[in-house]
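One letter stands for each residue in the lines below.
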Amino acid sequence: MSDTRTDMLGRVKTALAILPERAALPNWDAELAIARKLMEERDSLEVFAERIKLVNGMAMTDFAELAAYLKKGGWLQGYCDPGLVSMFEPKLGPEFKLKTDFDRTRIDDYAFGITRAAGGIAETGTIILNDALTSRRLGALTPWVHVAVLPRHLIHRTMTDAVLALGEDPNVIWATGPSKTADIEGILIEGVHGPGVQIALVIE
């Protein structure tokens, strides 16, 4: 270790030594146990829909509801996973233009992206994305609206359950609501590093 770094770390340690005794850390294990106990008797989809709403995302189970929401926002053209087009085209209607290729030179042409989710986490309202199922990562992360198609049986009750089910995919994204940052003057802004609207379309 260089003399400069040793000196800097020594000064930090000295500065921290005179601080009053720190508050004890919360008993995370006990608090998690209580929260998970409250979930035991509830349906995973019900909990997931409740929790994703708390982080400014939304869960839907109806194509008509999704179509109405997108129309209201004026979001009529976007990217769709090629494997999902046959499911979405007849249910969204002719007003919608679904593109199965993502031209990165025309990123602003895509108001929404529809991709597959690898799973969901009920206790946090998190959508899980991975390389194995996401046809185009840009299609999930660059449009203002992201619709993650989530099979109901892939909603895991807890983060622990989700981690155990992830397998060996080298790139996994956990999206808990829209992209957020509070770096600027401490003001929370959504949609800076990713979608401003995060929707889980839960299908049977």
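Residues numbered from 1 in each chain as written. Predicted model: local features only at pLDDT ≥ 70, side-chain atom pairs only at ≥ 80, totals over all residues. Heavy atoms only, no water.

Enquirer: Run through the environment of L154, naming residues and quoting values.
Expert: In this fold, L154 is placed in the loop between β7 (145-151) and β8 (155-156). Separated by 37 residues in sequence, L154 and A117 place their C-alpha atoms 8.8 Å apart. Excluding residues within four positions of it along the chain, L154 makes contact with A117, A118, G119 and G120. (Helix = DSSP H or I, 4+ residues; strand = E, 2+ residues; numbered from the N terminus. Contact = heavy atoms within 4.5 Å.)

Enquirer: I'd like a description of unusual backbone geometry, backed by residues and values.
Expert: Not every positive phi belongs to a glycine, and N56 is a case in point at roughly 70 degrees. With a relative accessible area of 46%, N56 lands in the partly exposed category. (Buried < 20%, exposed > 50% of the residue type's maximum accessible area, 1.4 Å probe, protein only.)

Enquirer: Describe in detail the side chain of T126, supporting the description with residues and values.
Expert: Looking at the secondary structure, you find T126 in strand β6 (residues 126-130). Using a relative accessible area of 1% as the deciding quantity, one classes T126 as buried. Excluding its chain neighbours within four sequence positions, the residues that come into contact with T126 are F48, G119, G120, I121, W174, A175 and T176.

Enquirer: Describe the sheet that holds β6, with residues and values.
Expert: Strand order in this open sheet of four strands is β8-β5-β6-β9, and the pairing throughout is mixed. For this open sheet the edge positions go to β8 and β9 (172-175), each flanked by a neighbour on one side alone. Pairing of strand β5 (residues 119-121) with β8 involves two bridges; the strand directions are parallel. Paired with I121 across the bridge in β8 is H156. (Pairing = 2+ DSSP bridges.)

Enquirer: I'd like a description of the side chain of H146, backed by residues and values.
Expert: By the secondary structure assignment, H146 is in strand β7. Given a relative accessible area of 0%, H146 falls into the buried group. For H146, the contacting residues outside a window of four places in its chain are G113, T115, L129, G139, A140, P195, V197, Q198 and I199.

Enquirer: How would you sum up the sheet that holds strand β1 (residues 58-60)? Please name residues and give values.
Expert: Within the open sheet, the six strands sit side by side as β1-β12-β7-β4-β2-β3. Their pairing is parallel. Since the sheet does not close on itself, it has two edges, and those belong to β1 and β3 (97-99), each with one partner. This sheet shows a mean twist of 25 degrees between the axes of neighbouring strands, independent of strand direction. As defined by bridge partners, strand β2 (residues 77-80) adjoins strand β4 (residues 112-116) across three bridges and the pair is classed as parallel. The residue of β4 that forms the bridge with C80 is I114. Against the sheet, helix α5 (residues 85-92) touches β2, β3, β4, β7 and β12 (197-203), its axis set at about 170 degrees to β3. (Axes fitted to C-alpha atoms, helices over the stretch in contact; angles between N-to-C directions.)

Enquirer: Any details on helix α4 (residues 63-73)? Residues and values, ideally.
Expert: Residues of α4 that are buried: F63, L66, A67 and L70. Considered in projection along α4, the buried side chains sweep an arc of 100 degrees and stay on one side of the axis. Looking at the packing, one finds that the buried side of α4 touches β1, α5, β7 and β12. Count one or two residues on from α4 and you reach G74, which has phi positive near 75 degrees. (Arc of directions from axis to C-beta.)

Enquirer: Tell me what's going on with the pattern of salt bridges, and back it up with residues and numbers.
Expert: One pass over the structure, following the stated rule, counts ten salt bridges. For E50, the salt bridge is made with R51, and the minimal N-O distance between the two is 3.4 Å. Given a relative accessible area of 22%, R51 falls into the partly exposed group. One network of salt bridges, with partners in common, ties together R42, E46, E50 and R51. (Salt bridge = Lys/Arg side-chain N within 4 Å of Asp/Glu carboxyl O.)

Enquirer: Quick rundown of the pairing of β7? Include the residues and the values.
Expert: Here β7 lies mainly inside the structure; seven of its seven residues are buried. What you see with β7 is no split at all: V145, V147, V149 and P151 on one side and H146, A148 and L150 on the other are buried throughout. Bridging between β4 and β7 involves five bridges; their strand directions are parallel. Following the sheet pairing, I114 is matched in β7 by V147.

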